[in-house]
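# Report on the structure
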Amino acid sequence: MVARRTQRYTRFSVEDLEGDDREEQQRFTVVGQFIRVFSTERFRSSWKLIVSIVLLLIVVVACILIEFSNSSVNQAVTAPPRPSLSFRSGGESNASSSYKFTILQIADIHLGEAEDTDWGPRQDEKTFHALRSILSQQHVTPDLIIFSGDQVTANNIVNNATAYYKMLGDFIETYHIPWGIIFGNHDDAEYVGNSLSDAAATTLRSDLLRFLQQQPYNYHMTRQDSSTNVFGVSNYVLNVTLNGNIALQVILLDSGGGSLPNQLLESQLDWISTERIKGIPAVFFQHIPTHEYVFHNNNNFPCVGSNGDGGVDPLNYDPGIVNFLSKDGYAYLLAVGHNHGNSYCCPAEGGNNQTPSLLSLCFGRHSGYGGYGNWDRGARVYELTLSSSANDEQRRDFSYKSWLQMESGNITEEYIPPFPKQ
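Right, let's walk through the structure included here. (Residues numbered from 1 in each chain as written. Predicted model: local features only at pLDDT ≥ 70, side-chain atom pairs only at ≥ 80, totals over all residues. Heavy atoms only, no water.)

## Concerning unusual backbone geometry
Within the chain, His110 stands out as a residue other than glycine whose phi angle is a positive 55 degrees. Inspection of the secondary structure assignment puts His110 in the loop between β3 (96-106) and α4 (119-135). (Helix = DSSP H or I, 4+ residues; strand = E, 2+ residues; numbered from the N terminus.)

This is the structure in structure tokens:
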């Protein structure tokens, strides 16, 4: 009986079925035909080709998307065009004319320190009061403000350091003065909580850079040779013009710390070489000093200013930045922060008692109430001058002087470098 039923079933055709049964049988028949086609060697070869083409298309689309993403990121971190920095007239006489460009260095304000306490936010209020006082002084008319590192104490900031950078940006933008920053060892330091374990930095240098460049008067720029492997993030050049021609280079260097090793590298010296314009005066800023910054009392060319720290906390590795700049011939200044108690300037060693190096090494002044130390707060001013004689308008002699503008209104620690005008 079973065999007979099986025989009858095998004689069924599509025509023998009606309605849904016929439609279902047709589907099975079509599927079977596809299976037979798929099982052929020719189709398997074609299928491999199709899969290869599809995978190739996927790779191409992915590359296009990655390139578009990188382009968007680069656009986000590239500073929009801003008016050029330029010397202003410093006065004229029958004998000569002069042009001035003034830089104000604000160092180590350490916003956000102890943010979870009562006294931490009060420190920030005192810091902004100090900055208002400094910027209101008649002797301070900066053309450029440089924040020389440790704008925040990121190791005390739980959430996002950009909140404090926004606070700083909102404050300084009201003065309509161009400003730039370099990063210090605390700006993206790892958060240290109440436990013994540390967490990754809540905001990295690259995040802070993107935020900073949204500020209209912020002149922080990405390095121009982004295709090369230059150590750090805040390496960039600000060119200052006179009558439309570049007359000064302000070169800023990332000395690491925080999420980066505490160092300069040879790649940065190579980068400086590519960016320097021969015969143009240059001044440099980085956060952490080198061992050459040790206070000295050379009889003819002594250091001038306070040595409150009694020493320096130098870079862990230095490829020889001071010696490198001493050989430049037109590098006049390397300014740092980091050591809160130091605010002196010294002629760089490298010359002799008869012919000092053109390069001077300067500390800024602890400007904020965050960070260690109870020294009076202030900021260092650099007044840079280009002068020419009536007999030779094409020749520009470069000189500068520096002093501390204190929160109290006092001016102190004036430094005039001993090099001859050039």
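## Thoughts on the pattern of salt bridges
This structure, assessed with the given rule, holds 8 salt bridges. Measuring nitrogen to oxygen at the nearest pair gives 3.1 Å for the salt bridge that ties Asp254 to Arg205. In this pair, Asp254 is assigned in the loop between β9 (245-252) and β10 (256-257) and Arg205 in helix α6 (residues 205-212), connecting sequence segments 49 residues apart. Of the two residues examined, Asp254 and Arg205, each falls in the buried class. Among the salt bridges present, the one from Arg365 reaches Glu413, with a minimum N-O distance of 3.9 Å. Remark: Glu413 occurs in strand β18 (residues 411-415) and Arg365 occurs in the loop between β15 (360-363) and β16 (378-389); sequence separation between them is 48 residues. (Salt bridge = Lys/Arg side-chain N within 4 Å of Asp/Glu carboxyl O. Buried < 20%, exposed > 50% of the residue type's maximum accessible area, 1.4 Å probe, protein only.)

## Regarding the sheet that holds strand β14 (residues 345-347)
Taken in spatial order, the 7 strands line up as β1-β8-β9-β12-β13-β15-β14 in an open sheet, and their pairing is mixed. Each edge of the sheet is formed by a strand with only one pairing partner; in this case those strands are β1 (85-86) and β14. Looking at chain direction, strand β12 (residues 282-285) and strand β13 (residues 331-336) are connected through 4 bridges and run parallel. The residue of β13 that forms the bridge with Phe285 is Ala335. (Pairing = 2+ DSSP bridges.)

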